[in-house]
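Here are the chains, one letter per residue:
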Amino acid sequence: LCSAGCAALADDHGVIDDRGEPTVLSGFPQVKLREDSLRTFRRHGDTAGCSKVSEEKLGWDIHENFAPCSVRLRSIYVLAEAPEARIVELSEEEAAAELVRNSFLSSLLIKPVCAAAHLQRCTRLAARVSVRRLERPQSHADLPSLVRLVEEEAREMECCEQAVASTA
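Owing to the predicted nature of the structure, the values given are computational and were not obtained by experimental measurement.

Right, let's get into the pairing of strand β5 (residues 58–61). Pairing of strand β3 (residues 30–33) with β5 involves 4 bridges; the strand directions are antiparallel. Directly across from K32, in β5, lies its bridge partner G59. Bridge count for strand β4 (residues 50–52) against β5 is 3 bridges, and the pairing is antiparallel. Paired with K52 across the bridge in β5 is L58. Where β4 folds back on β5, the antiparallel hairpin that results is connected by 5 residues.

Turning to the sheet that holds strand β8 (residues 86–89), a few remarks are in order. Judged by pairing direction, the sheet is mixed, and its 3 strands sit side by side in the order β7-β9-β8 without closing on themselves. Single-partner strands in this sheet number two, and they are β7 (75–81) and β8. In this sheet, neighbouring strand axes are inclined to one another by 30° on average, regardless of whether the strands run parallel or antiparallel. With 7 bridges joining them, β7 and strand β9 (residues 130–136) adopt parallel strand pairing. The residue of β9 that forms the bridge with E81 is R136.

Rules and cut-offs
- Residues numbered from 1 in each chain as written.
- Predicted model: local features only at pLDDT ≥ 70, side-chain atom pairs only at ≥ 80, totals over all residues.
- Heavy atoms only, no water.
- Pairing = 2+ DSSP bridges.
- Helix = DSSP H or I, 4+ residues; strand = E, 2+ residues; numbered from the N terminus.
- Axes fitted to C-alpha atoms, helices over the stretch in contact; angles between N-to-C directions.

In structure tokens, the structure reads:
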């Protein structure tokens, strides 16, 4: 997506501010990739801006493709492996369950009061933001078609938002 002109906000963990209109806060300008992924992005052998962050991954500094500010959250895509690429809209119930399941905090919510509050926040967010499952083969060769799929959907959503705004 960065190659297609999109800016990155975060790598593994995106922080969502849901106190007003949901936004994603800008994180640290680095992504962690395995060497096979670096080769896909033509970075293999070019260690400039890369540092070892674990046994399996290198950190790739992405300052040039990084959004330095928060951005309005329109959709959340949950990744799932499948034989063919497609996007599936989730119901609010499915969306809330996916948000809880994919939350970094889920493993830290030991107290029932905290878990209940987190579930309520995920449920509120699922009601305000579209949550979709991006089903795709796990292959670097399929990345360009996945980018086109997400871009097409983003254009459709933007057209729908403009139509709603013009009728309001």
